[in-house]
Amino acid sequence: METGSTGANPGEKTLERCIDDYLNTRQAETSAENMAYALESWREWLARRNADDFASIDPKCCREYAFHLAERVDAGEFAGSTARTYYSFVRAFLSFAVRDEQLDTNPAMTNRAVEPLPEDDGTGPQQFWTAGKRDALLRYADQQVDSALEHPVAPDSILRIRMRDRAIVTLLALSGVRGAEVFSEPRDDRRNGATWADIDFEANSLEVLGKSRETEHAPLPSRAARALRRYRAVLEPPTDEWPIFPSRHAASLHRAVRDGLQEDYSENRIDRLLENGDVDDLLRDHGIAPPSISTNGARSVMKRLCTRFDLEIDGEYLKPHGARRGLGHTFYSEGRAEDAQSALRHKSIETTHAAYSNIQAGETADRIDDVLGGDGE
């Protein structure tokens, strides 16, 4: 850890107690509820890193938290503006901690700490998949699978990859899941990627760790369920604890083998096994579940598919979080706000209304034109 942020009175007040004291001074503010949620999320993040006291909070720790927020933005969990707001809440609390003599200086104030935060340039709404782009991508994924099936001489690995890609596209496009709910987040030890045990094909649902970090059940429409079933048939996971989308990253797979065998095998024997055997066979034979594909890996899949199919939105590939927004946009633009709320698992209808306020504004403008008349251009 970097120096310069050790507590002036180490051990005099716990981090939790100091947060409570700070929030008590902010109860009258309109942002008090959001502030409390942001600080509790930050404290949970610190606890997962075994950094739950003031002595552990330094510029490096704050920089890591900024990276964590940026990754949540990339995963579509919230906007860049929200990430910067969360960080500002933490920075304000740490300034309070300095005044409370728990810290000598505020470690969140350094340029190095804030550097990873995403920009909030206010250029407009975030990407969403239009119905046309969504349907085009789904058709392309189907065509790729059909092509592999029509050429039986193709290696099994090609069919498995195309089945996986179709399952990823279909799940993102139709279920409303967030990328971080089904793929792994390396910096978050609770987000290890969805497993086959999380799917209930009978109930048409997928159990996920939601944005609130509580268990939720995402809908699994029949087309997505069918794509997953067919993909499972070629993947042949040995147990339900196998990730739905295993990583294909060689170094990660080798590390999984080493971690899984280190208690029973010597390092030299593990080296020989990896040198002479297939890593996938080793994982299966020894009952070692591979890591899940990461959110970055899933974005790479989407980039590859969109590049090959020449498919884009405003000059960019179809991003995973754009699928969720597109699904909600389809429901909301058809006047089905409650269906959008249910599909996206928003806690309140107000959240859904806020997410699609641009549609509301456009509809209001149309009604104004109906009443007052347009400009007749």
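Look above for the structure.
Bear in mind that the values here come from a model prediction, so they are computed numbers and not experimental data. Throughout this document, residue positions are counted from 1 along each chain, in the order its sequence is written. At least 70 in pLDDT is required for a residue's local features to be given in this predicted model, at least 80 for side-chain atom pairs to be given and counted, and no such filter applies to totals for whole chains, interfaces and linings, which use all residues. Note: side-chain values were computed over all heavy atoms of the structure, leaving out hydrogens and water.

Peer 1: Would you explain the overall build of the protein in this entry?
Peer 2: Counting from the N terminus, the helices are DSSP H or I runs at least four residues long and the strands are E runs at least two residues long. The helix and strand tally for the protein stands at 17 helices and three strands. The contact criterion used throughout is that any non-hydrogen atoms of two residues lie within 4.5 Å. Partitioning the contacts of the protein with sequence separation of at least 6, the portion at a separation of at least 24 is 68%. Computed with the Shrake-Rupley method and a 1.4 Å probe, the accessible areas treat only the protein chains shown as cover for residues. Surface summary for the protein: the accessible area is close to 19600 Å², and the carbon and sulfur share equals 45%.

Peer 1: Help me out: how do you make sense of the sheet that holds strand β3 (residues 215–219) in this one?
Peer 2: Two orientations exist for strands paired in a sheet by backbone hydrogen bonds: parallel and antiparallel. A strand pair is defined by DSSP finding two or more bridges across the two strands. Pairing within the open sheet is antiparallel, and its three strands lie in the order β1-β2-β3. For this open sheet the edge positions go to β1 (199–200) and β3, each flanked by a neighbour on one side alone. As paired elements, β1 and strand β2 (residues 205–209) share two bridges and run antiparallel to each other. Bridging across to β2, Asp200 finds its partner in Ser205.

Peer 1: Mind showing me how you'd approach the nonpolar core here?
Peer 2: The tendency in soluble globular proteins is for nonpolar side chains to be buried as a group. Throughout, nonpolar core names a set of buried Ala, Val, Leu, Ile, Met, Phe, Trp, Tyr and Cys residues whose side chains join them through atoms within 4.5 Å. Whether a residue is buried, partly exposed or exposed follows from its accessible area with a 1.4 Å probe, protein chains only, as a fraction of its type maximum: under 20%, in between, or over 50%, in that order. Core analysis: the largest hydrophobic core is formed by 55 residues, its most contacted members being Trp129, Trp196, Leu206, Leu228, Ile244 and Phe245. Discounting residues that sit within four places of it in the chain, Phe245 has contacts with Arg164, Ala167, Ile168, Leu171, Phe183, Leu228, Tyr231, Ser292 and Ile293. In terms of nonpolar packing, the next biggest core, distinct from the first, is built from 34 residues, Cys61, Val73, Val90 and Ala97 among them.

Peer 1: Help me out: how do you make sense of the pattern of salt bridges in this one?
Peer 2: Side chains that carry opposite charge are capable of pairing whenever their charged atoms lie near each other. Think of a salt bridge as a Lys or Arg side-chain nitrogen and an Asp or Glu carboxyl oxygen that are within 4 Å of each other. For the coordinates displayed, the defined rule picks out 25 salt bridges. Among the salt bridges present, the one from Arg178 reaches Glu181, with a minimum N-O distance of 2.7 Å. Glu181 sits in the buried class, given a relative accessible area of 6%. The closest approach of N and O atoms between Arg336 and Asp339, which form a salt bridge, is 2.8 Å. Here Arg336 falls in the partly exposed class, since its relative accessible area comes to 38%. Residue classification places Asp339 among the partly exposed positions, given a relative accessible area of 33%. When salt bridges that share partners are traced, they join Arg48, Asp188, Asp189, Arg191 and Arg213 into one network.

Without other data, these values stay purely geometric and don't point to any function.
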